[in-house]
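Understanding the architecture of this molecule
The chain contents come next:
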Amino acid sequence: MSLPYFLADDPASGVLTGAEAKHAHVKRIEPGEHIMLIDGQGSAAVTRVTSVTPSRVDGVVEKQTRVPRPSPRVTVVQAVPKGERAELAVDLAVQGGADAVVPWISHRTISRWPANKQAKQVEKWRAQALSSAKQARRAWVPEVREPVTTNQLSALLRDAKDERHALVLHEDATGSIRDVDFAALGEDIWLIVGPEGGIGDDELEVLGAHPVKLGPEVLRTASAAFAGLCAIGALTARW
């Protein structure tokens, strides 16, 4: 059985403090048990617990590991879903292996995130990403970036070398994701998921991304990134 994962400032120290120590205490981790400490950037340490309090966990590191970053790197651009589907979308994207997640306020996005609530919503996504990464036993915790509009996303894609590195999941696409030449895309792939209402032709033109479809079914926005990531995993060296 795999070990429970906890985020530590320095996995090599064998020490947990703050919220992660409290989490270990709530999970009733006891002296003698083994846990995995990660820093979210690929460093991991198998640790035998020696003492547990609500504010601190101490242990002896028995093995240190450096987990390589997945290659190619995949950034998921997720149109913000409504309500609880937002956390579900992040959860599934992290389980699928996303390296970064960008919330997108598309033209047809219903959930608009007022300026005075953006920080709180982004924090929710980051907390979900951390929780999901630990649950999925990932040594790399995906970065959740600040939300972007369509024009801002277009600028991000241009800064990421060129738009050919971006795939947008689209039900009317003529090409399948399995036909993509991933070797030509390089080490930085962007996977764009639109809202429930779909992505309009005007936005496709602004983004300049390559439309692809996963199959004959139309997926919900919360699950589309997971399916796309699984396809990319199988079609590249990520898996």
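Residues numbered from 1 in each chain as written. Predicted model: local features only at pLDDT ≥ 70, side-chain atom pairs only at ≥ 80, totals over all residues. Heavy atoms only, no water.

**Details of the pairing of strand β7 (residues 100-105)**
In terms of burial, β7 is largely enclosed, as six of its six residues are buried. Bridge count between strand β6 (residues 73-79) and β7: five bridges; the pairing is parallel. Within β7, the residue paired with A79 across the bridge is W104. As a crossover connection, the stretch from β6 through helix α2 (residues 85-96) into β7 is right-handed. The pairing of β7 with strand β8 (residues 143-144) spans two bridges and is classified as parallel. Bridging from a neighbouring strand, V101 pairs with V144 of β8. Two strands pair when backbone bridges link them, and β7 and strand β9 (residues 148-149) are joined in this way by two bridges, in the parallel orientation. Paired with W104 across the two strands is V148, which belongs to β9. (Buried < 20%, exposed > 50% of the residue type's maximum accessible area, 1.4 Å probe, protein only. Helix = DSSP H or I, 4+ residues; strand = E, 2+ residues; numbered from the N terminus. Pairing = 2+ DSSP bridges. Right-handed = clockwise from strand over helix to strand, strands pointing away.)

**Digging into α2**
In a regular helix each residue adds 1.5 Å, so 12 residues correspond to 16 Å; α2 covers 16 Å between its end C-alpha atoms and thus fits that length. A86, A89, V90, L92, A93, V94 and G96 are the residues of α2 that are buried. Where α2 is buried, its residues meet β6, α3 (118-135) and α7 (221-235). A positive backbone phi angle near 105° is found at G97, which sits one or two residues after α2. (Expected span 1.5 Å × (residues − 1). Contact = heavy atoms within 4.5 Å.)

**Considerations on the pairing of strand β3 (residues 34-38)**
The buried count for β3 comes to four of five residues, which makes it a mostly enclosed element. Across three bridges, the pairing between strand β1 (residues 5-7) and β3 is parallel. Counted as the bridge partner of L7 is I38 from β3. Across five bridges, the pairing between β3 and strand β4 (residues 43-52) is antiparallel. In the strand pairing of β4, I38 is matched with A44. In textbook terms, the turn of a hairpin is the stretch between consecutive antiparallel strands, and for β3 and β4 this stretch comprises four residues, one of which, G40, has a positive phi near 80°.

**A short note on the UniProt feature "domain: Ribosomal RNA small subunit methyltransferase E PUA-like" (unreviewed entry) in the chain**
Per the UniProt record, "domain: Ribosomal RNA small subunit methyltransferase E PUA-like" (unreviewed entry) is annotated on residues 16-61. Within the segment residues 16-61, helix and strand shares are 20% and 50% respectively, and the terminal C-alpha atoms sit 12 Å apart. (UniProt positions renumbered as here; feature names shortened; annotations may be inferred.)

**A look at the pattern of salt bridges**
Summed over all chains, the structure comprises nine salt bridges. Where K134 meets E20, a salt bridge forms, and the shortest distance between an N and an O atom there is 2.9 Å. One end of the pair, K134, is in helix α3; the other, E20, is in helix α1 (residues 18-26), and 114 residues separate them in sequence. Here R126 makes a salt bridge to E146, at a shortest N to O gap of 3.3 Å. With a gap of 20 residues between them, R126 in helix α3 and E146 in the loop between β8 and β9 connect regions that are remote in the sequence. We classify E146 as partly exposed; its relative accessible area is 45%. (Salt bridge = Lys/Arg side-chain N within 4 Å of Asp/Glu carboxyl O.)

**A few points about α3**
Residues separated by three or four positions in an α-helix point in the same direction, a consequence of the helix having 3.6 residues per turn. In a regular helix each residue adds 1.5 Å, so 18 residues correspond to 26 Å; α3 covers 26 Å between its end C-alpha atoms and thus fits that length. If you check which residues of α3 are buried, you get Q121, V122, W125, Q128, A129, S132, A133 and K134. Looking at the buried positions of α3, the neighbouring elements they touch are β1, α1, β6, α2, β7 and β8. Backbone geometry just after α3 places R137 at a positive phi near 60°.

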